[in-house]
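Results of the structural survey
Each chain, written out:
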Amino acid sequence: MKIAVLPGDGIGTEIVAEAVKVLQALELPLELEYAPVGGAAFEASGHPLPEATLKLAREADAVLFGAVGDWKYDTLERALRPEQAILGLRKHLGLFANFRPAICYEQLVGASSLKPELVAGLDILIIRELTGDIYFGQPRGRRVATDGHFPGAEEAFDTMRYSRPEIERIAHVAFQAARKRNKKVTSVDKANVLETFQLWKDVVTEVGQQYPDVTLEHMYVDNAAMQLVKAPKKFDVIVTGNMFGDILSDEASMLTGSIGMLPSASLNAKSQGLYEPSHGSAPDIAGQGIANPLATILSAAMMLRFSLNQPEAAERIETAVKQVLAQGLRTPDIWSAGTTKVGTAQMGDAVVRAL
Ligand code: NAI
Ligand code: MG
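Parameters at a glance
- Residues numbered from 1 in each chain as written.
- Chains lettered and ligands numbered in written order.
- Predicted model: local features only at pLDDT ≥ 70, side-chain atom pairs only at ≥ 80, totals over all residues.
- UniProt positions renumbered as here; feature names shortened; annotations may be inferred.
- Helix = DSSP H or I, 4+ residues; strand = E, 2+ residues; numbered from the N terminus.
- Rg over C-alpha atoms; globule rule 2.2 N^0.38 Å.
- Buried ≥ 20, exposed ≤ 12 C-beta atoms within 10 Å, placed from the backbone.
- Contact = placed C-beta atoms within 7 Å.
- Pairing = 2+ DSSP bridges.
- Axes fitted to C-alpha atoms, helices over the stretch in contact; angles between N-to-C directions.
- Expected span 1.5 Å × (residues − 1).
- Arc of directions from axis to C-beta.
- Parallel < 35°, antiparallel > 145°, perpendicular 65-115°, else oblique.
- Left-handed = near helix turned anticlockwise from the far one by under 90°.

- The chain appears in an unreviewed UniProt entry as 3-isopropylmalate dehydrogenase from Tibeticola sediminis.
- Recorded in UniProt for the chain, the comment headed Pathway (unreviewed entry) runs: "Amino-acid biosynthesis; L-leucine biosynthesis; L-leucine from 3-methyl-2-oxobutanoate: step 3/4."

As structure tokens, then:
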């Protein structure tokens, strides 16, 4: 089982080191190969996603990714910015299905921004389409307006697009995931206003007919944003487009206590996947040894389950994480009075011991 390890920038290197410790403790036949990505790759070779890194990722069974980005690169032209590396990997590997589970662990109920009774036992899965929508739609650009409210003024435009096959494949992923869970899919759209999302709603409805055992509901994105903080436990699987999924999944992360707890998986049609924490490179705390490595460790567990066919090993990691939380160990982002504050490496070591 070959894993491309791409730590990246900022806390990326610190948290990936802990996930690697945990993977090695499993004593599975894993072959780990490292490559630079993001700002680290830009410094070394002048490009955030060097050809050799992309080749390694393509040939691996799975990619374990840390995070990329730093404010010091904000003045670079867009194509050279670290964030282009993650967008490039998603595009080149065809990673169209992004899984973001939002689970509120029993021990962290108090760390959520919502009342304990709203989040206790929360376990929802957001499935975000990752390679279409307004983030990739052409045409896009800037021009002088010839019509609209201000003809002659400078304007910018992006294009929201989805094709039927793009919607079909993500809908199948969502219904299949729901079958293994509580058999409910909420498809989030804005069909009342956007033609793109009317097609989305129509196609999801059609695909849903092939899954009579799964309940399908449709919800407008504005209402979904509200319901996520009003009654989040009513959801099981949420499926939505790239932009709505980006926003809703960050919103959902806060229900769980900290973005440092949120893993993610991005899969293509061949079950090859890229696994990364939902957060970024956190330059504000990089180099201090205090970042929470659990999102990355839990991403490694998702990798074992989805790409490497090792569900038991995945469960062992998830159980070990619950154990260290039960022991009261907390990085600063999830710390509260009465618990023990630990650093990144201590947290990783504790997970290894629990394993
Ligand atoms: P961020 O997720 O890096 O940080 C947001 C806040 O959460 C910060 O206060 C940070 O300290 C905290 N945080 C994040 N992860 C944490 C962890 N594991 N433990 C404890 N605290 C944690 O988002 P931000 O600040 O908007 O972006 C920083 C850089 O990361 C930017 O260059 C951005 O473009 C990049 N980024 C990269 C992503 C990726 O590599 N997939 C995703 C999101 C942002
Ligand atoms: Mg985001």
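Focus on the overall build of the chain
- Tallying secondary structure elements over the chain gives twelve helices and 14 strands in all.
- Computed over its C-alpha atoms, the radius of gyration of the chain comes to 20 Å, within 12% of the 20 Å expected for a compact globule of 355 residues.
- For the chain, with 355 residues in total, the buried portion stands at 48%.
- A separation threshold of at least 6 residues defines the contact pool for the chain, and within that pool the share at least 24 residues apart is 75%.

Examining the environment of Ser299
- Mapped onto the fold, Ser299 is located in helix α10 (residues 294–306).
- Ser299 sits 283 residues away from Val16 along the chain, and the two C-alpha atoms are 10 Å apart.
- Those residues in contact with Ser299 that lie beyond four places of it in its chain are Pro263, Ser264, Tyr275, Glu276 and Pro277.

Description of the sheet that holds strand β8 (residues 184–189)
- As summarised here, the arrangement of the ten strands in space is β2-β1-β3-β12-β11-β4-β5-β10-β8-β9, forming an open sheet in which the pairing is mixed. Taken across any chain shown, the strands that pair with only one partner, and hence form the sheet edges, are β2 (31–34) and β9 (215–220). In this sheet, neighbouring strand axes are inclined to one another by 20° on average, regardless of whether the strands run parallel or antiparallel.
- When strand β11 (residues 263–267) meets strand β12 (residues 273–277), the two strands line up antiparallel, connected through five bridges. Along β12, the bridge assignment pairs Ser266 with Leu274.
- Along the sheet face, helix α1 (residues 12–25) touches β1 (2–8), β2, β3 (62–67) and β12 and points at about 140° away from the line of β3.

As for the UniProt feature "binding site: Mg(2+)" (unreviewed entry) in the chain
- UniProt records the feature "binding site: Mg(2+)" (unreviewed entry) for Asp222, Asp246 and Asp250 in the present numbering.
- Inspection of the secondary structure assignment puts Asp222 in helix α8 (residues 221–230).
- Within the secondary structure, Asp246 sits in helix α9 (residues 242–255).
- Residue classification places Asp246 among the partly exposed residues on the basis of 17 C-beta atoms within 10 Å.

Some points on α9
- With 14 residues, α9 extends 20 Å from end C-alpha to end C-alpha; this agrees with the ideal 20 Å at 1.5 Å per step.
- Taken together, the buried positions of α9 are occupied by Asn242, Phe244, Gly245, Leu248, Ser249, Ala252, Ser253 and Leu255. Summarising the axial view, the buried residues of α9 lie within an arc of 160°, below the 170-degree limit, and thus occupy one face.
- In this fold, the buried residues of α9 make contact with β4 (97–103), α5 (116–119), β5 (123–129), β8, α8 and β10 (237–240).
- Gly257 lies just past α9 and shows a positive phi near 115°.

A few points about the packing of α10 against helix α11 (residues 311–326)
- Where α10 contacts α11, the axes come no closer than 7 Å and their chain directions differ by 160°. When the interaxial angle is binned, α10 and α11 end up roughly antiparallel. In the packing of α10 onto α11, the handedness of the crossing is left-handed. Across the interface between the two elements, Leu294, Ile297, Leu298, Ala300, Ala301, Met302, Leu304 and Arg305 from α10 touch Pro311, Ala313, Ala314, Ile317, Glu318 and Val321 from α11.

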